[in-house]
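Observations on the model geometry
Below, each chain spelled out in residue letters.
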Amino acid sequence: MANGKCGIPLSTISPKFLHANSTSHTWPFSSIAELIDNAYDPDVHARQIWIDWTRIRGLDCLSFMDNGEGLTRARLHKMLSFGFSEKKAVKFHIPVGVYGNGFKSGSMRLGKDAIVFTKTRDAMSVGLLSQSYLEAIGAQRVLVPMITFRRDGHNHVEDGASLRAILTHSLFNSEKELFAELRAISAAGRTGTRIIIWNLRTSSNGETEFDFDTDKYDILIRVNTHDKSNMTPESEYSLRAYCSILYLKPRMQIIIRGQRVKSQLISKSLAHIAQDNYRPSFLNKRVRITFGYNTKSKEHYGIMIYHKNRLIKPYVKVSCQCKAERKGVGVIGVIECNFLQPTHNKQDFDDTDKYRKIMHNLSIKLEDYWNEIRYKRKKEDPKCTVAIEDVLKVPDQVWVQCDNCLKWRRLPDAITELPDKWFCSMNYDPQFRSCLVEEELEDEEEDQKSYPKPFKRQRRNTKSLLEEKVPDSIQTQEQPALTTTQEHRHPPASVMSGLSFAEKSPLPLINLTAVSNSLRRAKQKFSAIETQMEVTPSFPAPSLTPPQEHSSQTHTPALNEERKPLTQSDTLVSKAACAMMEGIESHQGPAAAEETCERDASSGTGREYSSAAEKIIELPLKNEKKGVVHHEGHVVDEEEQEEEECNLAEVQQWQDELMELMNETAEERDACRQELEVLREHSAALEDERNQLISRLESVEEEKSRLSALCHQLRSQLSELREHRQRAKEEKDDSSKLRTLRLNLSHLLVSFIPSLHLEHVDYNSDVIDTILTQVLEHVS
């Protein structure tokens, strides 16, 4: 057992943990997203990532290649190890990775074996994470063979064992094949990383869980491919659709099987967009929520929850969307919850009190949006009967990403079709027709206010008025029946208005359901009596309009004792009952109220209204400041009453607007304070960065001076070397000429003296000169 410091045993990782760790991903696309995140994070900062399917040695393989910064040998070792995460934010680019586990869990979820090729500016490395290799050698711990090459192609001497393991247990059996994969990275850029995964997970019938044949430009989940319906979002089984919404604001191009994914700003691709704010009690700032209608399918709706720009939970249906009324059908909400903690597989959040509060308030906010949109639509077109979710819609805004600088630009709303590749130079707006120009601000960056909510304000005002009109105590004593002395009293204005009885009546609140049931029972009893008598009424149904003149009222004779003519009190009570039907409509739905009113009108009499209403409804006629009838019996002037009610409504509305204005002012003040703090932090950061740049500039100047002196010294040495070389060359030329001359003389001497042997003579020495001198002396 390996020991650490002081003889304490080190913890080891069993090879079986590779598979156990991968089971956290129950959905294959979540494991692919982990590999995409590694390329997106600021320490790699790739501009493009290519995802492809290929076959190597007859095996299906998934390949992932990016053009990021690449990995050094040390960083590659940490990537193949567990729990190392040194990712840091760069300006506004916040890293997605947190736990240092994404590559291991994601790659081992897709297949049993993975090999990593990476290239930096100085070196190239290859690493192997393979369950097959560990099983073949019977390893008790996780081993990760790694080799590193210099740019000249030479590898480290200590990598011999790793090289043999990679060539034996991977898909590549020679160094030539390894260099071919490293050269493939150069096609994408000078640096980058390439990951190949094989021995992909298969089903019981031997097929891979991915379908590569149905769409040659996509990767589909085979289980959902055969069982997809309009109720299933495309992003659940299509990798291309999932990648298009993977990031709240995409900053990297994703190319799947050779075709670029058309990324979209999910918060800008909706119809009837509205921006709302939510300030959690545990957070000292507002959180932006975007609501809108899905323009593609009304069956795909819910909340899109992002964390650090990355999609965590798509199409989450909150409580109001799960009820029988199906409120919020077709509505999509978009929120970024950086203050929540995602689970290890980044497909859910920890079930904490913060998360539950967020979901509860999201349901309230979504229901407010649902009511406001319907209220606005009814106000604009009262005769419209088609639900807004059933109407064909187009996105409110058109945004497109430049293929060169990857910045997002807003286009005119009339644009419906775009070319496959779009650049800033094609922009209609000359202000943003260059890649050098910064992105234009989005709506949420320009305006932090919530959208207006007239329906909510009206409902609040109505509730306030209703609370003012409700008596402090309800009289329980039975009121005397309406007599002919009260027949001339008109119903209050609130009963005859267009609003429901429950909203505007000054009478105490009653159980409208009980009223409706009692009226129905009374009508059934009267119908039974009518059947027994077998008598058909000959007088017309009573009118529900208020009587015009009391003096002109005439009684219609009855046909028998059971049938009595309608009186003024009967008519008034029937009108009160119909007013209550309006209240029933507001609580039980219009269908129930219409059915009740139709049966009441067809019965031909208002007698049952009088009997039921007198038994159930006790009308407390109190002498209040806003009352309708005084004890003395005289009638309050209706015009004065209406004027007083209007004044009260206006005062209440002014109060509400003042309170809302005060709240908005406080929110704006807090927002300004927060922005000021952010600006101060940015200013301090810029000052630190400036000081660092100044110090770096000084060090660069010193280095420049040193290099200049060194350069001057090297130039002097180079001049001396050139002079020396020239002298040596001249001397060499003279020596060569002398040697040639001696050689020619030797041939001449042999011709005069044949017995002279010169085979072993060194012509660089003066031997020939000595022989020549001797010959000349002998001749002379």
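Here, the structure is the one placed above.
Overview of the structure. (Residues numbered from 1 in each chain as written. Predicted model: local features only at pLDDT ≥ 70, side-chain atom pairs only at ≥ 80, totals over all residues. Heavy atoms only, no water.)

Mapping Ile-245 onto the fold places it in the loop between α9 (239-244) and β9 (253-256). Separated by 69 residues in the primary sequence, Ile-245 and Pro-314 place their C-alpha atoms 9.1 Å from one another. (Helix = DSSP H or I, 4+ residues; strand = E, 2+ residues; numbered from the N terminus.)

A word on the sheet that holds strand β14 (residues 310-316). A sheet is described by the order of its strands in space; here five strands give the open sequence β11-β12-β15-β13-β14, paired in mixed fashion. At either end of the open sheet lies a strand with only one pairing partner, and these are β11 (271-278) and β14. On average, each strand axis in the sheet is inclined to that of its neighbour by 20°, with strand direction left out of account. The pairing of strand β13 (residues 302-307) with strand β15 (residues 331-336) spans five bridges and is parallel. In the sheet register, Ile-305 faces β15, and the bridge partner there is Ile-335. (Pairing = 2+ DSSP bridges. Axes fitted to C-alpha atoms, helices over the stretch in contact; angles between N-to-C directions.)

What follows is about the pairing of β14. For β14, the buried fraction is high: six of the seven residues fall into the buried class. The pairing of β13 with β14 spans four bridges and is classified as antiparallel. Along β14, the bridge assignment pairs Ile-305 with Lys-313. Hairpin connection between β13 and β14: a loop of two residues separates the two successive antiparallel strands, and Lys-308 in this loop has a positive phi of roughly 55°. (Buried < 20%, exposed > 50% of the residue type's maximum accessible area, 1.4 Å probe, protein only.)

Along helix α3 (residues 73-80), the residues that are buried comprise Leu-76, Met-79 and Leu-80. In a view along the axis of α3, the buried residues occupy a sector of 95°, so they form one face of it. Looking at the buried residues of α3, the elements they touch are α4 (102-110), β3 (111-119), β4 (123-130), β5 (146-150) and β6 (192-200). (Arc of directions from axis to C-beta. Contact = heavy atoms within 4.5 Å.)

A contiguous nonpolar patch, built from Leu-658, Met-659 and Met-662 and spanning about 310 Å² of accessible area, is present on the exposed surface. Take Met-662: its relative accessible area is 48%, and that puts it in the partly exposed class. (Patch = residues over 30% accessible without salt bridge, like charges linked within 9 Å, V, L, I, M, F, W, Y side chains within 5 Å. Areas by Shrake-Rupley, 256 points an atom, 1.4 Å probe, with all protein chains shown as cover. Salt bridge = Lys/Arg side-chain N within 4 Å of Asp/Glu carboxyl O.)

So, about the nonpolar core. Judged by nonpolar contacts, the single largest core of 60 residues is most densely connected at Ile-32, Ile-36, Ile-51, Phe-64, Phe-103, Leu-239 and Met-304. If you tally residues by element for this core, the top one is helix α2 (residues 28-40), at seven residues. Setting aside its immediate chain neighbours within four residues, Phe-64 contacts Ile-32, Leu-35, Trp-50, Ile-51, Leu-110, Thr-193, Arg-194, Ile-195 and Ile-197. (Core = buried A, V, L, I, M, F, W, Y, C linked by side-chain atoms within 4.5 Å.)

Further remarks concern the packing of α2 against α4. Close contact between α2 and α4 brings their axes to 8 Å; oriented N to C, the two are set at 140°. Relative to α4, the element α2 lies oblique. Crossing handedness for the pair α2 and α4: left-handed. Where α2 abuts α4, its residues Pro-28, Ser-31, Ile-32, Glu-34, Leu-35 and Asn-38 lie against Gly-102, Phe-103, Gly-106, Arg-109 and Leu-110. For the contact of α2 with α4, the per-class residue count stands at five nonpolar, four polar and two charged. (Parallel < 35°, antiparallel > 145°, perpendicular 65-115°, else oblique. Left-handed = near helix turned anticlockwise from the far one by under 90°. Nonpolar A, V, L, I, M, F, W, Y, C, P; charged D, E, K, R; others polar.)

This part takes up the environment of Tyr-355. With respect to the helices and strands, Tyr-355 occurs in helix α11 (residues 353-380). Linking Tyr-355 and Leu-340, residues 15 residues apart in sequence, is a C-alpha distance of 6.9 Å. In contact with Tyr-355, other than residues within four places in its own chain, are Lys-313, Leu-340, Asp-348, Phe-349 and Asp-350.

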